[in-house]
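Architecture and fold: a report
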Amino acid sequence: MSTVNYKKDTKGFQKIRSLINEPKTVMLATRLHKAPFAVCPMTLLQMDEQGDLWFFTSKESEHFTNIAHDNRVQILYTDEQNQTYISIYGNATHIVDKTKVDELWNPMQNNWFEGGKQDANLALLNVNMEQAYYWDSKLHKLVSFFELIEGDTADLGQKGYVNLQSY
């Protein structure tokens, strides 16, 4: 595996963008200052051009309330098929934007919001990423401990740290 890279550059941003390539269920952690922190599954709908992450949420949810008091969040992204894992730290904001709702809406959201796009409890959650740590395996398969000891580990993939505060 390659060593951890602490540079702040566009390559790191593009790496995270390449790993987050489609809508996906992630774990969103709030109330990071208190153990245990609160965690819930959320559907990551988009990483926009500025690098912000977008979600739909309910105004009645625990994480909506938690973010109003402390907007720091941690997102855990797992793509087992491609052996890609990301831990993202950032700040969340509640957004009201009908145009963005129209852009991100899909019929699956009706399972969560009975009133559709006009549901009174529908809100957008925007996460501005500050830091990310990723693991990206090139083998796309599990490797046993013994294979690692006896075999060539030069092409197992990479991991790295990305400082995203400039985006």
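In this report, the structure presented in the accompanying data block is examined. Remember, predicted model here, so these are calculated numbers, not experimental data.

**Digging into the side chain of Gln109**
Tracing the chain through its elements places Gln109 in the loop between helix H3 (98-104) and strand S7 (122-137). Judged by relative accessible area, Gln109 falls into the buried class, the value being 8%. If we skip the residues at most four places from it in the chain, Gln109 touches Leu45 and Phe56.

**Details of the pattern of salt bridges**
Charged atoms that come close allow side chains of opposite charge to pair. For the coordinates displayed, the defined rule picks out 5 salt bridges. A salt bridge links Asp70 to Arg72; the shortest N-O distance between them is 2.7 Å. The residue Glu103 makes a salt bridge to Lys100 at a minimum N-O spacing of 3.4 Å. Remark: Lys100 and Glu103 occur in helix H3; sequence separation between them is 3 residues, near one turn of the helix. In the salt-bridge network here, residues are joined through shared partners; they are Lys98, Asp102 and Lys117.

**Looking at helix H2 (residues 62-69)**
Residues of H2 that are buried: His63, Phe64, Asn66 and Ile67. Down the axis of H2, the buried side of the element spans an arc of 165°, and every buried residue falls inside it. The exposed residues of H2 that point more than 90 degrees off its buried face are Ala68 and His69. In this structure, the buried residues of H2 make contact with strand S1 (24-30), strand S2 (38-44), strand S4 (53-58), strand S5 (72-79), strand S6 (84-95) and S7.

Reading guide: rules and limits
Residues numbered from 1 in each chain as written. Predicted model: local features only at pLDDT ≥ 70, side-chain atom pairs only at ≥ 80, totals over all residues. Heavy atoms only, no water. Helix = DSSP H or I, 4+ residues; strand = E, 2+ residues; numbered from the N terminus. Buried < 20%, exposed > 50% of the residue type's maximum accessible area, 1.4 Å probe, protein only. Contact = heavy atoms within 4.5 Å. Salt bridge = Lys/Arg side-chain N within 4 Å of Asp/Glu carboxyl O. Arc of directions from axis to C-beta.

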